[in-house]
2 protein chains.
Amino acid sequence: MDLSPVAEDYLKAIYHLEDEYGRSVRTTEISEELDVTSPTVTSMLDSLDERGLVDYTPYQGVELTDRGEEIVLQLVRNHRLLETFLMEYLDYSWSTVHDEADRLEHHVSDEFTRRLARFLGEPATDPHGDPIPDADLRMPDESPYTPLTEYEPGDNVTVEQVPHRDPDVREYLSQHRIGPGTRLVVDEVSPIDLVTVVPSSTDTSVALPTHVARRIGARAVTK
Amino acid sequence: MDLSPVAEDYLKAIYHLEDEYGRSVRTTEISEELDVTSPTVTSMLDSLDERGLVDYTPYQGVELTDRGEEIVLQLVRNHRLLETFLMEYLDYSWSTVHDEADRLEHHVSDEFTRRLARFLGEPATDPHGDPIPDADLRMPDESPYTPLTEYEPGDNVTVEQVPHRDPDVREYLSQHRIGPGTRLVVDEVSPIDLVTVVPSSTDTSVALPTHVARRIGARAVTK
DNA sequence: AGATGGATTTAGACCAGGCTAATTATTCTC
DNA sequence: GAGAATAATTAGCCTGGTCTAAATCCATCT
Ligand SMILES: [Mn+2]
Ligand SMILES: [Mn+2]
Ligand SMILES: [Mn+2]
Ligand SMILES: [Mn+2]
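Residues numbered from 1 in each chain as written. Chains lettered and ligands numbered in written order. Predicted model: local features only at pLDDT ≥ 70, side-chain atom pairs only at ≥ 80, totals over all residues. Heavy atoms only, no water.

So, the overall build of chain A
Then, in step 1: What chain A contains, in helices and strands, is 8 helices and 8 strands.
Then, in step 2: The C-alpha radius of gyration of chain A comes to 19 Å, within 12% of the 17 Å expected for a compact globule of 223 residues.
Then, in step 3: For the C-alpha atoms alone, the extent of chain A along its principal axes is close to 55 × 45 × 30 Å.
Then, in step 4: Burial status across chain A gives 48% buried among its 223 residues. (Helix = DSSP H or I, 4+ residues; strand = E, 2+ residues; numbered from the N terminus. Rg over C-alpha atoms; globule rule 2.2 N^0.38 Å. Buried < 20%, exposed > 50% of the residue type's maximum accessible area, 1.4 Å probe, protein only.)

Concerning the relation of the copies chain B and chain A
Then, in step 1: Superposition of chain B onto chain A requires a rotation of 180° combined with a translation of 0.0 Å along the rotation axis, giving an RMSD of 0.0 Å. Classification of the inter-copy transformation places it as that of a two-fold axis.
Then, in step 2: A shared binding surface is used by both copies, with 100% of the interface residues of chain B retained as interface residues in chain A. (Least-squares fit on C-alpha atoms with pLDDT ≥ 70 in both. Contact = heavy atoms within 4.5 Å.)

Details of the coordination of the manganese ion (ligand 2)
Residue and element names in this part refer to chain A.
Then, in step 1: Within the protein, the atoms that donate to the manganese ion (ligand 2) are Asp9 (OD), Asp102 (O), Glu105 (OE) and His106 (NE2), at distances of 2.1 to 2.7 Å.
Then, in step 2: Within one chain, the residues serving as donors to the manganese ion (ligand 2) are arranged as D-x92-D-x2-E-H. With a gap of 93 residues between them, Asp9 in helix α1 (residues 5-21) and Asp102 in helix α5 (residues 97-104) connect regions that are remote in the sequence. (Donors = N, O, S within 2.8 Å, 3.2 Å for Na, K, Ca; no water.)

Overview of the side chain of Thr158(B)
Then, in step 1: Summarising the element assignment, Thr158(B) is placed in strand β4 (residues 156-161).
Then, in step 2: By relative accessible area, Thr158(B) is classed as buried at 16%.

Looking at the pattern of salt bridges
Two side chains carrying opposite charge are able to pair once their charged atoms lie near each other.
Then, in step 1: A full pass over the atoms with the stated rule returns 24 salt bridges over all chains.
Then, in step 2: Glu105(B) is the partner of Lys12(B) in a salt bridge, and the nearest nitrogen-oxygen pair spans 2.8 Å. Remark: Glu105(B) occurs in the loop between α5 (97-104) and α6 (110-120) and Lys12(B) occurs in helix α1 (residues 5-21); sequence separation between them is 93 residues.
Then, in step 3: Under the relative-accessibility criterion, Glu105(B) is labelled buried at 1%.
Then, in step 4: Glu29(B) is the salt-bridge partner of Arg23(B), the closest N and O atoms lying 2.7 Å from each other.
Then, in step 5: Judged by its relative accessible area of 33%, Arg23(B) falls in the partly exposed class.
Then, in step 6: The network of salt bridges with common partners includes Lys12(A), Asp102(A) and Glu105(A). (Salt bridge = Lys/Arg side-chain N within 4 Å of Asp/Glu carboxyl O.)

So, the protein's contact with DNA strand C
Then, in step 1: Not every one of the 19 residues close to DNA strand C is listed here, only the nearest: Ser4(A), Thr40(A), Thr28(B), Thr42(B) and Tyr56(B).
Then, in step 2: Within 4 Å of the protein, the contacting atoms of DNA strand C are 82% sugar and phosphate, with bases supplying the remainder.
Then, in step 3: Ser4(A) places a side-chain nitrogen or oxygen 2.5 Å from a phosphate oxygen of DNA strand C.
Then, in step 4: Between a phosphate oxygen of DNA strand C and a side-chain N or O atom of Thr42(B), the distance comes to 2.7 Å.
Then, in step 5: Elements supplying a minimum of two residues to the surface near DNA strand C: α1 and α3 (38-50) of chain A together with α2 (27-34) and α3 (38-50) of chain B.
Then, in step 6: Here the surface near DNA strand C is composed, by residue class, of 10 nonpolar, 8 polar and 1 charged. (Near = heavy atom within 4 Å. Polar contact = N/O pair within 3.5 Å; in protein donor to acceptor, adjacent residues only side chain to side chain. Nonpolar A, V, L, I, M, F, W, Y, C, P; charged D, E, K, R; others polar.)

Brief notes about the coordination of the manganese ion (ligand 4)
Residue and element names in this part refer to chain B.
Then, in step 1: Around the manganese ion (ligand 4), the donor atoms from the protein are Asp9 (OD), Asp102 (O), Glu105 (OE) and His106 (NE2), and they sit 2.1 to 2.7 Å away.
Then, in step 2: We note that the donor set of the manganese ion (ligand 4) lies within a single chain, spaced as D-x92-D-x2-E-H.
Then, in step 3: Given the relative accessible area of 25%, Asp102 is considered partly exposed.

Topic: the protein's contact with DNA strand D
Then, in step 1: Close to DNA strand D lie 20 residues; Thr28(A), Thr42(A), Tyr56(A), Ser4(B) and Thr40(B) are nearest.
Then, in step 2: Within 4 Å of the protein, atoms of DNA strand D come from sugar and phosphate in 80% of cases.
Then, in step 3: Between Tyr59(A) and DNA strand D, the recorded distance is 3.2 Å, taken from a side-chain N or O atom to a sugar or linking oxygen.
Then, in step 4: The side chain of Tyr10(B) places a nitrogen or oxygen atom 3.0 Å from a phosphate oxygen of DNA strand D.
Then, in step 5: Secondary-structure elements contributing two or more residues to the surface near DNA strand D are α2 (27-34) and α3 of chain A together with α1 and α3 of chain B.
Then, in step 6: Examining the composition of the surface near DNA strand D, we find that 4 residues originate from one element, α3(B), more than from any other.
Then, in step 7: Class assignment of the residues belonging to the surface near DNA strand D gives a composition of 10 nonpolar, 9 polar and 1 charged.

Digging into the pairing of strand β7 (residues 206-209) of chain B
The side chains of a regular strand alternate, residue by residue, between the two faces of the sheet.
Residues and elements named next belong to chain B.
Then, in step 1: Along β7, the buried face is formed by Val206 and Leu208; none of Ala207 and Pro209, which line the opposite face, is buried.
Then, in step 2: Two strands pair when backbone bridges link them, and strand β6 (residues 194-199) and β7 are joined in this way by 4 bridges, in the antiparallel orientation. Note on β7: the bridge partner recorded for Leu194 is Pro209. (Pairing = 2+ DSSP bridges.)

Considering helix α6 (residues 110-120) of chain A
Then, in step 1: Phe112(A), Thr113(A), Leu116(A), Ala117(A) and Leu120(A) are the residues of α6(A) that are buried. Projected down its long axis, α6(A) shows its buried positions confined to an angular sector of 130°, all on one face.
Then, in step 2: Residues of α6(A) that are buried make contact with α4 (66-88) of chain A together with α4 (66-90) and α5 of chain B.
Then, in step 3: Just downstream of α6(A) lies Gly121(A), where phi reads positive at about 85°. (Arc of directions from axis to C-beta.)

Structure follows, in structure tokens:
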């Protein structure tokens with residue numbers, strides 16, 4: 001299967017959207033995720049379906065096939081190992097590393113990734129706290145982190161996992177000094193889709209909408 | 001200037017051919033180098049000329065402009081730093097490293113290359129003995145190595161620079177255990193375009209056509 | 001100087017991946 | 001259950017990069 005970077009990005013988008021919504025994915029969702037028009041998506045879905053990488057039912061939605069998912073898992077492995085390398089050896093910050101990896105993931109060979117994984121010591125998690133599929137593309141077990149939304153006011157936690165694909169979310173968190181390793185106290189978990197936290201480095205309260213807080217993984221600090 | 005990898009490869013081909021023949025480059029030469037047909041080359045030359053990256057006179061030939069050369073030098077810098085990393089840290093062999101670098105060179109950012117150069121200690125030469133342009137794209141001075149063709153029978157030398165872009169040449173040298181660091185004795189420099197050498201590791205004489213021997217750089221071993 | 005052959009360009013086609021405008025399905029609302 | 005609103009697809013066009021076949025240029029040789 002010789003796939004263009006463009007086609008690979010459609011598969012990745014479908015993967016992430018399936019994961020986010022837990023159901024088959026709509027044309028519009030892909031078109032928004034990738035910033036292309038919906039007719040463009042339709043024609044790519046036709047072509048991916050022909051190649052057996054997705055199951056696509058017009059007007060109904062699309063899902064990855066096993067072969068499609070395998071391709072995505074290899075890309076995710078490439079991506080997360082690259083991010084690990086870029087941060088640990090080239091001193092990229094967690095908020096700048098994604099774009100570089102998102103391009104390179106399509107262009108490194110499997111051989112490269114094998115060797116890089118060995119060089120890095122076969123890590124199971126990347127610096128954003130996300131799991132890295134192993135050489136057989138098995139995803140490590142559930143991450144042991146608890147979403148910020150499940151803590152109580154007053155809880156003292158260390159951030160371990162940070163959503164970073166969306167540039168706006170990334171920028172906001174980075175601006176407010178919330179990243180991997182940040183210590184913070186949960187201030188308020190409001191029923192109107194808001195969590196407020198106080199990073200110990202700043203003493204300033206930071207408001208987080210639930211959809212962001214839910215994706216921040218943290219570990220309780222045992223005093 | 002937002003250039004496709006394909007366009008970049010045309011510029012690189014022109015650069016290497018100019019270097020090899022010391023004159024402007026013909027359509028056919030590019031078409032052989034890149035394995036595309038000559039009409040394809042003609043149309044790409046039109047487009048590169050319009051963008052000011054080459055000077056192209058139909059039926060006469062083509063040369064890089066300063067802007068074109070700058071782009072190539074950045075690619076060469078990317079390429080040689082990548083090869084250095086791949087060999088020194090990921091244990092690629094000198095004969096397998098080129099293809100990976102030849103793809104990646106088009107996809108790493110300038111930021112990546114700056115950081116990689118720092119990580120590697122700002123090397124001036126790659127593991128094939130080729131000079132690496134510095135951050136301002138200045139090529140280091142002439143390599144201090146002497147082509148194998150200029151030695152005399154009986155001379156004892158260490159190979160420092162090895163041509164490796166042509167897969168056939170690369171395969172031949174690798175097969176006969178001639179690579180960076182190889183010690184060998186010059187056996188015969190024949191007027192019929194042939195140099196024979198004996199690598200000290202094998203004791204078997206290896207014949208090299210002049211066009212290959214000329215590109216092998218070596219240093220005399222002082223006994 | 002003219003004829004010829006090889007190199008080169010022009011003409012016309014195709015595919016991937018985009019777009020806009022128009023059409024058709026599906027879903028929502030009353 | 002009909003009409004309106006929304007989502008999705010189809011139709012048709014464009015660009016970049018490729019090809020083959022046809023036309024043209026130019027260097028060389030007599
Ligand atoms: Mn990422
Ligand atoms: Mn990507
Ligand atoms: Mn190389
Ligand atoms: Mn290349």
